Amino acid sequence: MAWLEIEGLGSVHYHEYGSGTKLLFAFPGYGMSGRQFSVLQKSLMRQYKIIAFDLFFQETSKLYVVKEALVLTGMQPEILKRYLYKWLGQKPGQRFSLIGYSIGANLALYLAQQFASQVDELILMAPDGLVKHKGFRFFRASFIGKKLYRKLTYSNWMMAAALKTLKHFRVIDTNLYSIASHETETPEKRQNGFFTVHFYKNFSADIHQLAALINQNHIRCRLYFGKYDNLFPPKNAEKLLGLLLRPEIHILPAGHWLVTPELDDYIAKQTDDHE
């Protein structure tokens, strides 16, 4: 196990794997550890040395101080840059790539903007952050939404009832219902979700600025989506794709659960064809 001590924040647990020589910083989705991308054995693990960070509130990485009021204020984005200093400080101008899945994409997007001149590739998988998610915005920003989310979190029955209602009226599909039910089945999981949604809320990409930096610095940008993903669907990428000079989007026959051996096979074949 490997750790980073980030002053003023906490202990960040990370994983190292992959047999490649190029450096790839990785950010997983909610409920997943940094080992999430180790399933990509035939593709990215052969190309990269992957440094994958665990999010807070996922059992390993720990804040020095856990108080609800501080968590709800959210992490200050500039602190995230300190995650990379251990590796970037070893070699001035060190080049690297970034990958993010689901909410982890918000962190990759932020770092791509901050270190654009050093980034070779940005890989986004079922990414959050390309458009403002109406549900998250309601629960994070509105007075009613914040109060309601807190009640749902600390009630023993309200979250389960709310999810069943949303599924009944087809606001969410069976796949999302199964994921959400699993991630909210215990009081601890509900609180972790509540804290996660708020703690990372300050990461918001400026899509026009991001696209300009990608174009100016010739960053390869690959986006992967599940055709049946109703949480972060492919249409979310339309604005970014319209601004990129060399857009790459790949839509697979899958839902939101995208980082799988099937995706590994797809990327491996794509890499062979690209070469």
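Nothing here was measured: the structure is a model prediction, and the numbers come from that model.

## Remarks on the overall build of the protein chain
No. 1: Secondary structure summary: the protein chain contains 12 helices and nine strands in total.
No. 2: Relative to the 2.2 N^0.38 estimate, which gives 19 Å for 275 residues, the radius of gyration of the protein chain is 18 Å and therefore close to what a compact globule would have.
No. 3: Taken along its principal axes, the extent of the C-alpha atoms in the protein chain is 50 × 40 × 35 Å.
No. 4: The long-range share in the protein chain, meaning contacts at least 24 apart out of those at least 6 apart in sequence, stands at 75%.

## Thoughts on empty space enclosed by the protein
No. 1: Evaluation of the coordinates by the stated rule reveals one cavity of 30 Å³ or more.
No. 2: Within this model, the largest cavity holds a volume of roughly 50 Å³.
No. 3: Of the residues assigned to the lining of the largest cavity, the class counts are five nonpolar, one polar and one charged.

## Here's the deal with the packing of helix α6 (residues 143-154) against helix α9 (residues 187-199)
No. 1: Running from N to C, α6 and α9 cross one another at 155 degrees; their axes reach a closest spacing of 8 Å. Classified by the angle their axes make, α6 and α9 are roughly antiparallel. The crossing of α6 and α9 is left-handed. Contacts between α6 and α9 pair K146, Y149, R150, L152, T153 and Y154 from the former with R190, Q191, G193, F194, F195, V197 and H198 from the latter.
No. 2: A breakdown of the residues in the contact of α6 with α9 according to their chemical character gives six nonpolar, four polar and three charged.

## Some points on the packing of aromatic side chains
No. 1: Applying the stated criterion across every chain, the model contains 22 aromatic pairs.
No. 2: Summarising the aromatic geometry, the rings of F56 and F199 are spaced 5.7 Å apart at their centres and angled 80 degrees between planes, so their arrangement reads as edge-to-face. Here F199 lies in helix α9 and F56 lies in the loop between β4 (48-53) and β5 (62-63), a separation of 143 residues in the sequence. By the burial criterion, F56 is buried, and F199 matches it.
No. 3: Summarising the aromatic geometry, the rings of F199 and Y200 are spaced 5.2 Å apart at their centres and angled 85 degrees between planes, so their arrangement reads as edge-to-face. For the pair shown, F199 and Y200 are each scored as buried.
No. 4: Aromatic rings pair up to connect F56, F57, Y110, F138, F139, Y149, Y154, F194, F195, F199, Y200 and F203 into one cluster.
No. 5: Positioned above the aromatic ring of Y17 is the side chain of R35, whose terminal nitrogen or guanidinium carbon lies 4.5 Å from the ring centre.
No. 6: The lysine or arginine in question, K86, covers the ring of W87, its NZ or CZ lying 5.8 Å from the ring centre.

## Brief notes about the pairing of strand β3 (residues 22-27)
No. 1: Burial analysis of β3 places five of its six residues in the buried class, the great majority of the element.
No. 2: Examined bridge by bridge, β3 and β4 share five bridges and lie parallel to one another. Its bridge partner lying in β4, A26 is registered against A52.

## Some details on the nonpolar core
No. 1: In terms of nonpolar packing, the biggest core is built from 66 residues, with F25, F27, F53, Y83, L98 and L122 touching the most fellow members.
No. 2: Of all the elements, helix α4 (residues 104-114) adds the most residues to this core, at seven residues.
No. 3: The contacts of L98, once residues within four sequence positions are left out, are L24, F25, F27, A108, L111, A112, V119, E121, L122 and I123.

## Regarding the layout of surface pockets
No. 1: As a volume, the largest pocket reaches approximately 1,300 Å³.
No. 2: At the level of secondary structure, the elements contributing two or more residues to the lining of the largest pocket comprise α5 (134-141), α6, α7 (158-168), α8 (174-183) and α9.
No. 3: In this structure, the second largest pocket spans a volume of roughly 340 Å³.
No. 4: Residue lining of the second largest pocket: 19 residues in total, with K132, H133, R140, F203 and S204 positioned closest to the centre.
No. 5: Considering each element in turn, the lining of the second largest pocket owes the most residues, four residues, to α5.

Analysis parameters
Residues numbered from 1 in each chain as written. Predicted model: local features only at pLDDT ≥ 70, side-chain atom pairs only at ≥ 80, totals over all residues. Heavy atoms only, no water. Helix = DSSP H or I, 4+ residues; strand = E, 2+ residues; numbered from the N terminus. Rg over C-alpha atoms; globule rule 2.2 N^0.38 Å. Contact = heavy atoms within 4.5 Å. 1 Å grid on protein atoms, 1.4 Å probe; cavity = no way out; pocket = protein on both sides within 12 Å on 5 of 7 lines; lining within 4 Å. Points joined across faces, edges and corners; volume = space filled by probe spheres on them. Nonpolar A, V, L, I, M, F, W, Y, C, P; charged D, E, K, R; others polar. Axes fitted to C-alpha atoms, helices over the stretch in contact; angles between N-to-C directions. Parallel < 35°, antiparallel > 145°, perpendicular 65-115°, else oblique. Left-handed = near helix turned anticlockwise from the far one by under 90°. Phe/Tyr/Trp six-rings, centres within 6.5 Å; stacked < 30°, edge-to-face > 60°. Buried < 20%, exposed > 50% of the residue type's maximum accessible area, 1.4 Å probe, protein only. Lys NZ or Arg CZ within 6 Å of the ring centre and 35° of its normal. Pairing = 2+ DSSP bridges. Core = buried A, V, L, I, M, F, W, Y, C linked by side-chain atoms within 4.5 Å.

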